[in-house]
Amino acid sequence: MNRAKKKKTDWKHWLPFYLMGVPGFIYLLINNYLPLAGLQIAFKQFNYRDGMWGSKWNDFENFTYLLGSDDIKIILRNTILYNLVFIVVGMVLGVAVAILLNEVKNKIAKQFYQTVILLPYLMSMVIVAYLAYAYLAPESGMINGILSALGMDKIDFYRESKFWPFILLFINQWKTIGFGMILYYSSLVGISKDYYEAAMLDGASKWQQIRYITLPLLKPTIITLLILNCGNIMRSDFGLFYQVPQNSGMLYSVTDTIDTYVYRMLMINNDIGVSSAAGFIQSIVGFVLVLTVNAIIRKLDKDNALF
Amino acid sequence: MKSRDEKRWGIASHLILIILSLLALLPFILLIVASFTDNATAVTEGYSYFPSKWSLDAFVYIGRNAAMIFRAYGITILVTVIGTALGLIITTLYAYMLSKKRLPGRTALTIFVVITMLFNGGLVPTYIVYASIFHIRNTIWALIIPSLLMNGFNVILVKNYFENSIPAELYESARIDGAGELFIFARIALPLSKPILATVGLLMGIAYWNDWQNGMYYLDDASLYSIQNILNQINQNISYLASSGVSGVSMVDLPTTTIRMAIAFVGILPILIAYPFFQKNFAKGITMGSVKG
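As the structure is a prediction and not an experimental result, all values here were calculated from the model.

**Describing the overall build of chain A**
Here's step 1: When helices and strands are counted, chain A shows 14 helices and two strands.
Here's step 2: The globule rule puts the C-alpha radius of gyration for 307 residues at 19 Å, and the 25 Å found for chain A is more than 25% above it.
Here's step 3: Projected onto the principal axes, the alpha-carbon positions of chain A cover approximately 75 × 70 × 30 Å.
Here's step 4: For chain A, the proportion of its 307 residues judged to be buried stands at 50%.

Rendered as structure tokens:
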């Protein structure tokens, strides 16, 4: 009796809080959980009339079709390889630039570099595609302008796949290096000055200080970020691979990733079966990777684990 | 006294950072110069930092078509303001609920958010949910609701701020004074959380301002295009400009080579102007968002 009474007053106390959570709860339900339930359409012959619940099951037809095509090999290879290269190069450049930024003692200069180098990160990929076009356009691009002024043949970049792995890597780094710099810089400034002062008294050179103080102390941050990024290795930057190569069909062998493929199959080819199957693989493998990665981080450094 | 070693590092750092700064800026400068280049010059010589002939033609054509640009800007601003405001409200409310340590079911409600950070249905089911269950296509809501309104990372960020940066005694003493929970939330928690709300709001605002994907997925109706959607459309197909009503101008007469750059310039101008003012907050948001909450 007493207990029941206490419980009742409790609920009344908590009610306003639950009410506060209602809009966010409903949003996540619609935006995140309904699509999760919708993953089932990968196993269905989807049509809009019957919707995602009413459409008929078609066993594994979508998957048999997808796995039998060459597309799946290309998009998996591109997605994973680009991500690996982006992660490693991004880490090396990010750490290097953060260390250099830390060497700059003039506050105004430091602020200036930070602001300018972060600018590309702020731009949408549509804008980046325009900037790339200014250099790469077949007739009017700056590179071709220079080539023809030198009497050399023009290069039709949007039809020549061999250049794109480098172009995409360059643009990816150009856009994200400011992000990496800020990230690593913020953990650099946390390192106590005492270490460096002691090292200088011992006559250590700058290089030795970086090698034996900065890098070892950055190691936990670096490892955590590397592993976390590996959890997202199945997700590609849709904008980079769709906008920047101008969705050029001649380049698909080196620019098509899971995300661009899913988009194209869904919206252009209207092949919901194949695109939902590719999306399903991406979601499930991605989920397993995130869990694995989190388990690894948990072992290494509990504080940095996501859950 | 600086050692020689230290001096050398100082100079090298400046040098490399200046080069990187130039690399970051040069594409924007080329875009701006290209938009002021004479069209025929751009066609024959290519875009260049030093065009032999300058011209305002591209902007004259854009000026004739200003209605389209203004409309798109109006939509971008509307979507950014409504989306950020709504998103900030539901994020803050949910985060505040989670910040109450003794709330029954708190763990389950937290896991409910964390799962959304780990597991993602992807484009196909998301598109079908919004297009065929909620019929969001070709409405302004298509630019506001899908994906962008609220995300788990922001909820956790705000929740942690409520937990760690506002002393529990403040809540207690207000409660003893007989203040209701809503009053406490509005008059104590919110005012003390301005820094985190500003940062999260800025990140949301930038996401809305830059978004082109929702428009590409859910809009056929060009009258709802944001500035990013217009840029996307022109990038896919330069003839979109002619077809979208530059009155009385045929495609042949359009200075397409430079107009493309000019329109992109108009598209980024506001953000270039505003950036220095929010740069610090933006950098802060990045560091907070990336280290988990």
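The rest of the description comes next.
**Quick notes on the overall build of chain B**
Here's step 1: Of the regular secondary structure elements, chain B holds 15 helices and zero strands.
Here's step 2: Relative to its length of 293 residues, chain B is extended, with a C-alpha radius of gyration of 25 Å against a globular reference of 19 Å.
Here's step 3: A principal-axis box enclosing the C-alpha atoms of chain B has dimensions of 75 × 70 × 35 Å.
Here's step 4: Residue burial in chain B is summarised as follows: out of 293 residues, 56% are buried.
Here's step 5: If you take every contact in chain B between residues at least 6 apart in sequence, the share linking residues at least 24 apart comes to 70%.
Here's step 6: Accessible area for chain B stands at about 12900 Å²; split by element, carbon and sulfur atoms hold 66% of it.
Here's step 7: Here chain B holds 20 positive side-chain charges and 14 negative ones, and the gap between their average locations is 8 Å.

**Here's the deal with the pattern of salt bridges**
Residue and element names in this part refer to chain B.
Here's step 1: All chains considered together, the criterion is met by 11 salt bridges over all chains.
Here's step 2: Glutamate 163 is the salt-bridge partner of arginine 106, the closest N and O atoms lying 2.4 Å from each other. Note that arginine 106 is positioned in helix 5 (residues 106-118) and glutamate 163 in helix 8 (residues 152-165), a separation of 57 residues in sequence.
Here's step 3: By relative accessible area, arginine 106 is classed as buried at 19%.
Here's step 4: A relative accessible area of 18% places glutamate 163 in the buried class.
Here's step 5: Across the pair glutamate 163 and lysine 159 runs a salt bridge whose closest N-O atoms are separated by 3.8 Å. Highlighted residues: glutamate 163 and lysine 159, both in helix 8, separated by four residues, approximately one helical turn. For the residue pair glutamate 163 and lysine 159, the accessibility class agrees, reading buried in each case.
Here's step 6: One continuous salt-bridge network, built from bridges that share partners, spans Arg106, Lys159 and Glu163.

**Description of helix 13 (residues 227-236) of chain B**
Here's step 1: Counting buried residues along helix 13 of chain B, eight of its 10 residues qualify, which places the element largely inside the surrounding structure.
Here's step 2: All of the buried residues along helix 13 of chain B are Ile227(B), Gln228(B), Asn229(B), Ile230(B), Leu231(B), Asn232(B), Ile234(B) and Asn235(B).

**Comments concerning the interface of chain B and chain A**
Here's step 1: Facing 96 residues of chain B, the contacting portion of chain A comprises 94 residues.
Here's step 2: Buried surface at the junction of chain B and chain A, summed over both partners, amounts to about 8900 Å²; 76% is from carbon and sulfur atoms.
Here's step 3: In this structure, the connection of chain B to chain A is made through zero salt bridges.
Here's step 4: Put simply, chain B and chain A have 23 residue pairs in polar contact (both at pLDDT 80 or more) between them.
Here's step 5: Top element by residues in the side of chain B that touches chain A is helix 1 (residues 4-35) of chain B. It accounts for 18 residues.
Here's step 6: Taken together, the residues of the side of chain B that touches chain A break down into 65 nonpolar, 22 polar and nine charged.

**Brief notes about the confidence of the model for chain B**
Here's step 1: On average, residues of chain B score 89 in pLDDT, and 92% of them are at 70 or above.
Here's step 2: Here the predicted complex carries an ipTM of 0.90, next to a pTM of 0.91.

**Here we look at a nonpolar patch on the surface**
Here's step 1: Together, Leu15(A), Leu19(A), Val22(A), Phe25(A), Ile26(A) and Leu29(A) make up an exposed nonpolar region whose accessible area comes to about 500 Å².
Here's step 2: A residue is classified by how much of its surface remains accessible, and Leu19(A), at 53% relative accessible area, is exposed.

**Topic: the nonpolar core**
Here's step 1: Counting residues in hydrophobic clusters, the biggest one holds 185 residues, and the most contacted among them are Trp164(A), Leu17(B), Tyr94(B), Tyr96(B), Phe162(B) and Phe282(B).
Here's step 2: Residues within four places of Leu17(B) in sequence aside, it is in contact with Val97(A), Leu100(A), Leu101(A), Val104(A), Tyr113(A) and Ile117(A).

**Quick notes on the packing of aromatic side chains**
Here's step 1: Applying the stated criterion across every chain yields a total of 41 aromatic pairs over all chains.
Here's step 2: Here the aromatic rings of Phe86(A) and Phe241(A) are separated by 6.3 Å at their centres, their planes lie at 20°, and the arrangement is stacked. A residue pair is termed long-range when its members are at least 10 positions apart, and Phe86(A) in helix 4 (residues 71-103) and Phe241(A) in helix 11 (residues 238-243) qualify at 155 residues. Both residues of the pair, Phe86(A) and Phe241(A), belong to the buried class.
Here's step 3: Pairing Phe287(A) with Phe119(B) gives two aromatic rings, centres 4.3 Å apart and planes at 25°, and the pair type is stacked.

**A few points about unusual backbone geometry**
Here's step 1: Of note, the phi angle at Asn270(A) is positive, near 55°, even though the residue is not glycine.
Here's step 2: Secondary-structure assignment places Asn270(A) in the loop between helix 13 (258-268) and helix 14 (272-300).
Here's step 3: Overall, the relative accessible area of 55% leaves Asn270(A) in the exposed class.
Here's step 4: Although it is not a glycine, Ser147(B) sits at a positive phi angle of roughly 65°.
Here's step 5: Structurally, the position occupied by Ser147(B) is in the loop between helix 7 (141-144) and helix 8.
Here's step 6: Its relative accessible area of 42% is what places Ser147(B) among the partly exposed residues.

**Thoughts on helix 13 of chain A**
All names here are of chain A.
Here's step 1: Within helix 13, nine of the 11 residues are buried, which leaves the element mostly enclosed by the surrounding structure.
Here's step 2: Residues of helix 13 that are buried: Ile258, Asp259, Thr260, Tyr261, Val262, Tyr263, Arg264, Met265 and Leu266.
Here's step 3: The first or second residue beyond helix 13 is asparagine 270, which carries a positive phi of 55°.

The rules behind these values
Residues numbered from 1 in each chain as written. Chains lettered and ligands numbered in written order. Predicted model: local features only at pLDDT ≥ 70, side-chain atom pairs only at ≥ 80, totals over all residues. Heavy atoms only, no water. Helix = DSSP H or I, 4+ residues; strand = E, 2+ residues; numbered from the N terminus. Rg over C-alpha atoms; globule rule 2.2 N^0.38 Å. Buried < 20%, exposed > 50% of the residue type's maximum accessible area, 1.4 Å probe, protein only. Contact = heavy atoms within 4.5 Å. Areas by Shrake-Rupley, 256 points an atom, 1.4 Å probe, with all protein chains shown as cover. Lys, Arg positive; Asp, Glu negative; His and termini not counted. Charge placed at Lys NZ, Arg CZ, Asp CG, Glu CD. Salt bridge = Lys/Arg side-chain N within 4 Å of Asp/Glu carboxyl O. Buried area = accessible area lost by both parts, 1.4 Å probe. Polar contact = N/O pair within 3.5 Å; in protein donor to acceptor, adjacent residues only side chain to side chain. Nonpolar A, V, L, I, M, F, W, Y, C, P; charged D, E, K, R; others polar. pLDDT = per-residue confidence, 0-100. Patch = residues over 30% accessible without salt bridge, like charges linked within 9 Å, V, L, I, M, F, W, Y side chains within 5 Å. Core = buried A, V, L, I, M, F, W, Y, C linked by side-chain atoms within 4.5 Å. Phe/Tyr/Trp six-rings, centres within 6.5 Å; stacked < 30°, edge-to-face > 60°.

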